[in-house]
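Structural features, examined
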Amino acid sequence: MHEPDKASHAYPAFTLSPEAELLIPRLLQRETFPEGQPGLTELVKLDVAVLESYSGRYVLGDPAHARRTHHAAERAAVAHHLERMAQLDSVFASMESTAVLDAGGIEFLPNADAANAIFAQSLASATSHVFTAQPIPRPVSNLKISSERDIENLKRGVTQRTIYHETARFRHPEQEYAKAVSAHGAQVRTLAGEFIRIVLVDGTIAVISDYRDDPPNAQIGFKVTHPGMLALLAAVFTHQWERASPWMGERSRITEDTITTQRSRAILRKLEGGRNLKQIASDTGYSLSTVNKDMAELYGATGCTSLFQLGAWWNSSDERKLD
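About the criteria used
- Residues numbered from 1 in each chain as written.
- Predicted model: local features only at pLDDT ≥ 70, side-chain atom pairs only at ≥ 80, totals over all residues.
- Heavy atoms only, no water.
- Core = buried A, V, L, I, M, F, W, Y, C linked by side-chain atoms within 4.5 Å.
- Buried < 20%, exposed > 50% of the residue type's maximum accessible area, 1.4 Å probe, protein only.
- Helix = DSSP H or I, 4+ residues; strand = E, 2+ residues; numbered from the N terminus.
- Contact = heavy atoms within 4.5 Å.
- Phe/Tyr/Trp six-rings, centres within 6.5 Å; stacked < 30°, edge-to-face > 60°.
- Lys NZ or Arg CZ within 6 Å of the ring centre and 35° of its normal.
- Salt bridge = Lys/Arg side-chain N within 4 Å of Asp/Glu carboxyl O.
- Arc of directions from axis to C-beta.

Remarks on the nonpolar core
One finds Ile163, Leu200, Leu233 and Phe237 to be the most contacted residues of the largest nonpolar core, which totals 18 residues. Of all the elements in the fold, those that place two or more residues in this core are strand E5 (129–134), strand E8 (198–201), strand E9 (205–210), strand E10 (217–224) and helix H7 (227–243). Per-element tally for this core: the top contributor is H7, with four residues. If we ignore the near neighbours within four places in the chain, the residues touching Leu233 are Ile198, Leu200, Ala206, Ile208 and Val224.

Spelled out as structure tokens, the structure:
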């Protein structure tokens, strides 16, 4: 009665056969039964019928005690299964967060060290081309190492294309990097607004950030070798490359007649990404009244009378290159 059905991992219902049902009123009338009586085994398992030692026959047990005993056993079973469920959650959560899906051509990189190791190994073995899109500033130490390694690759005939954010034009380390690699034939461009971080090597391997969260986690990511995914990432990189502006490390300057502020530029970039004013206020932490005030000032300063006009002005403005 209490054993689970191993095929389905389900416990059978507490139901009695007609034979057992017929025995209950007879037990209540103090009738006794020999072993082998049809239906008796079921009642014995429930402790409703118990063996009387001196007569060797089965008599009525204590139904209330039997009920409490079996309730306690069921509660213990529930607690046991809840504990097993928690253990299963722990086991599968670990697998899901660190699984290596080699068969699918995707390998999870659980930390920055793992990602950097794959990145460095891939670049060192490049034979055809290296395409990188870097939307966030890189540490100065990384840029120095990258400059030396990338120049070596360029000398070996490896084609290199790099996309940085427009704000890199105002940072000295990126300026020096762009000058150094451009002098050896690399192509560097900058792109305003948000874009996807990608490293593509020889069309056979890619490293991307973890985009499952917003904002994406740049400290962890994935190594991709699946041909279909590589083709998709190459298309994404090409799209970003075609929108970007060439740069050879020249320094950009902020003019005195700048219309925008750092805050209004952040708002304009969010608008460019399709966010509305209420969403921008939530994204940036500014109050909605502050966002509206900055928008009113932008309309006044640019002479635009619609959001479409303001977007067209922003798209062609050099101020989109400012931080």
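Remarks on the packing of aromatic side chains
Tallied over the full model, the rule gives five aromatic pairs. Between Trp313 and Trp314, the aromatic rings sit 6.4 Å apart at their centres with planes inclined by 35 degrees, giving tilted as the arrangement. What makes Trp314 buried here is its relative accessible area of 3%. Each member of the aromatic cluster is reached from another via a ring pair, and the members are Phe131, Phe237 and Trp241. Geometry around Tyr286 places Arg263 over its ring, the cationic atom sitting 5.8 Å from the centre.

Focus: the environment of Glu52
Within the secondary structure, Glu52 is located in strand E1 (residues 49–52). In this structure, Glu52 is in contact with Arg57 and Val59, ignoring residues within four places of it in sequence.

What about the pattern of salt bridges?
Applying the stated rule across the entire model yields 10 salt bridges. Note that Arg212 is salt-bridged to Asp210, the shortest N-O span being 2.8 Å. By relative accessible area, which is 54% here, Arg212 ends up exposed. Residue Asp283 pairs with Arg275 through a salt bridge whose shortest N-O separation is 2.9 Å. Owing to a relative accessible area of 33%, Arg275 belongs among the partly exposed residues under this scheme.

A word on helix H6 (residues 172–182)
Burial in H6 covers these residues: Glu174, Gln175, Tyr177, Ala178, Val181 and Ser182. Buried residues along H6 cover an arc of 165 degrees about the axis, so they all sit on one side. Packed against the buried residues of H6 are helix H5 (140–155), strand E6 (159–165) and strand E7 (187–191).

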